[in-house]
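# Structural characterization, general
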Amino acid sequence: MVTQDFNKIIRAESFKLRKQKTSYIVPVAVMLLGILLFVVLEFTTRRNWIGVPSGHFVAASVISWIGNVMMLLVVLMTSFIVSQEFALGTIKSTLVRPVTRGQWYTAKVFTAAVSLSVLFLCVVVVVVALAAVRLGLTDLTEKNYVVHTARSLTFRLVLSVGLTVFALWAVTVFVALVAGVFNHPGGAIAAALGAGVLMVVLGAFPAARPFLLTTYMSAPWEQMVAMSKGLPLPYEWGQLVWRTLAGAGAWMVLGFVVGQHLIRKKEITS
C-alpha cells in the first residue's frame, strides 16, 4: 500500500535526480547512440550488407542494442540509488525520521525502474519515428507474396517493447537486491556485472536459457528481428509472451521479497 513515507522518498529521489547533471547527460547520450546506430544500420541495409532495408528490421535491431545499454544503466543507476546512502552514512538520518525500511526500499526500486523505463521508451519512440520516416513501416514481401503485413509487424514490435519494459523492471529489482547486500555502489556494480557476465556465459547452454534473467531482455528482439527478416521464429509469439511474463515475473517477485527481507534485517554500522 502506498504510504506517506513512500511518497516522501519518491519526491526526494526525484529532486536529487533533477539536480544531477548525469540525469540530463545520460539520456542525451543514449538518444544520440540510438540515432547513430540507426544511421549505421540504415546505411548497411540499403546496400544489402546486412538484414533487409525495412523499417521494422532496423528499428528492432537498434532497440535490441539499446536494450543491452539499458541493462548496463540499470546496474549503475540502481546500485547508486540503493547503496549510496549506506556509503555516505545518510541512511541513519533517513530511517530515524521515521521512515520504514520497507517503504524506503520499495520507493528506491520504483524510482529506478520508472526512470529507466521512461528513458527506454523515449529512445524507442525516436528510433521507430526515424524508421517510419526513412524506411517506412511497410509489409514484408517476397516478390508478390506478403510474408508479414505491416500491421502484424508493428503490433509485434509494440509487444516486444512492452515485454522488454517488464523484463527491465525485473532486472532493476534483481540489481536492487544485489545493491542491498553492499554498503557501497562500487561493490554492488561489480557484483551485478559479474552476475550478468555469468548469465551471458550460461546462455550458451540451451537448457539454462529459460532460467536466466538476461534471456527475457534479449528473446523478444531475437524474435522480432527474425520476423522482420522473414526467417523462422525461435518461438510462437504466445509462448514467448507467457515465458517472459512468467520467467521475468518470477525473478521480480522473488528478488523483491528477498530484497525487502534483507533490508529489514540489515545492520547499519556506518
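Residues numbered from 1 in each chain as written. Predicted model: local features only at pLDDT ≥ 70, side-chain atom pairs only at ≥ 80, totals over all residues. Heavy atoms only, no water.

## Overview of the packing of helix α6 (residues 150–181) against helix α7 (residues 185–202)
Their axes nearest at 8 Å, the elements α6 and α7 cross at an angle of 135°. Judged on the interaxial angle alone, α7 and α6 are oblique. The handedness of the crossing between α6 and α7 is right-handed. Listed contacts from α7 to Phe-174, Val-175, Val-178 and Ala-179 of α6 are Ala-188, Ala-191, Ala-192, Ala-195 and Met-199. When grouped by side-chain class, the residues that make up the contact of α6 with α7 number nine nonpolar, no polar and no charged. (Axes fitted to C-alpha atoms, helices over the stretch in contact; angles between N-to-C directions. Helix = DSSP H or I, 4+ residues; strand = E, 2+ residues; numbered from the N terminus. Parallel < 35°, antiparallel > 145°, perpendicular 65-115°, else oblique. Left-handed = near helix turned anticlockwise from the far one by under 90°. Contact = heavy atoms within 4.5 Å. Nonpolar A, V, L, I, M, F, W, Y, C, P; charged D, E, K, R; others polar.)

## Brief notes about the pattern of salt bridges
For the structure on display, the rule yields five salt bridges. Salt-bridge contacts for Lys-16 lead to Glu-13; the nearest nitrogen and oxygen are separated by 3.0 Å. Of this pair, Lys-16 and Glu-13 both sit in helix α1 (residues 4–19), three residues apart, which is roughly one turn of that helix. For Glu-13, a relative accessible area of 5% corresponds to the buried category. Across the pair Arg-134 and Glu-42 runs a salt bridge whose closest N-O atoms are separated by 2.9 Å. With Arg-134 in helix α5 (residues 101–134) and Glu-42 in helix α2 (residues 22–46), this residue pair connects regions lying 92 residues apart in the sequence. Exposure remark for Arg-134: the relative accessible area of 47% places this residue in the partly exposed category. With a relative accessible area of 7%, Glu-42 lands in the buried category. (Salt bridge = Lys/Arg side-chain N within 4 Å of Asp/Glu carboxyl O. Buried < 20%, exposed > 50% of the residue type's maximum accessible area, 1.4 Å probe, protein only.)

## A look at the environment of Gln-103
Positionally, Gln-103 belongs in helix α5. Put simply, Gln-103 and Ile-10 are 93 residues apart on the chain and 10.0 Å apart in space, counted from C-alpha to C-alpha.

## Examining the environment of Ile-263
Mapped onto the fold, Ile-263 is located in helix α9 (residues 237–265). Exposure remark for Ile-263: the relative accessible area of 4% places this residue in the buried category. A C-alpha to C-alpha distance of 56 Å links Ile-263 and Glu-142, two positions 121 residues apart in sequence.

## Comments concerning the packing of aromatic side chains
Using the criterion set out here, one finds four aromatic pairs in the structure. Seen in terms of ring centroids, Tyr-105 and Phe-256 are 6.2 Å apart; in terms of plane orientation they differ by 35°. Their pairing is tilted. Taken together, the residues Tyr-105 in helix α5 and Phe-256 in helix α9 connect sequence positions 151 residues apart. Consider the rings of Phe-110 and Trp-169, whose centres lie 6.0 Å apart with planes at 75°: the pair is edge-to-face. Of this pair, Phe-110 sits in helix α5 while Trp-169 sits in helix α6; the two residues are 59 residues apart in sequence, bridging distant segments of the chain. (Phe/Tyr/Trp six-rings, centres within 6.5 Å; stacked < 30°, edge-to-face > 60°.)

## Some thoughts on helix α8 (residues 213–229)
Taking 1.5 Å per residue as the helical rise, α8 with its 17 residues ought to reach 24 Å, and the 26 Å between its terminal C-alpha atoms agrees with that figure. At Ala-219, α8 is deflected by roughly 30°, the largest bend along its length, and proline Pro-220 occurs up to four residues later in sequence. By the criterion of burial, α8 is predominantly enclosed, with 14 of the 17 residues buried. Backbone geometry just after α8 places Gly-230 at a positive phi near 80°. (Expected span 1.5 Å × (residues − 1). Bend = angle between axes of the 7 residues up to and from the residue.)

## Side note on the side chain of Ser-228
Tracing the backbone through its elements, the reader meets Ser-228 in helix α8. According to the relative accessible area criterion, Ser-228 is buried, its value standing at 1%. Reaching out from Ser-228, the side chain makes a polar contact with the backbone oxygen of Val-225 at a distance of 2.9 Å. Sequence-distant contacts of Ser-228, that is, excluding residues within four places in its chain, are made with Val-52, His-56, Phe-57, Leu-140 and Leu-153. (Polar contact = N/O pair within 3.5 Å; in protein donor to acceptor, adjacent residues only side chain to side chain.)

## Observations regarding α5
For α5, spanning 34 residues, the distance from its first C-alpha to its last is 50 Å, which sits close to the expected 50 Å at 1.5 Å a residue. Gly-136 sits one or two residues past α5 and shows a positive phi near 85°.

## Topic: the side chain of Gln-223
Its location among the elements puts Gln-223 in helix α8. Beyond its immediate chain neighbours, meaning those up to four positions away, Gln-223 contacts Leu-233, Pro-234, Tyr-235, Glu-236, Trp-237 and Leu-240.

## Observations concerning the confidence of the model for the protein chain
Low pLDDT means the predicted coordinates in that region are not meant to be read closely. Looking at the protein chain, the pLDDT average stands at 89 and 92% of residues meet or exceed 70. Within the protein chain, α6 carries the highest mean pLDDT (95), whereas helix α4 (residues 91–95) carries the lowest (57). (pLDDT = per-residue confidence, 0-100.)

## Observations regarding the pairing of strand β2 (residues 145–148)
Regular strands have side chains that alternate between both faces of the sheet. As judged from the three bridges shared by strand β1 (residues 140–142) and β2, these two strands associate in the antiparallel manner. Each residue of the ladder has a partner; that of Leu-140, found in β2, is His-148. Following β1, the chain reverses through two residues before pairing antiparallel with β2; Lys-143 in that reversal takes a positive phi of roughly 60°. (Pairing = 2+ DSSP bridges.)

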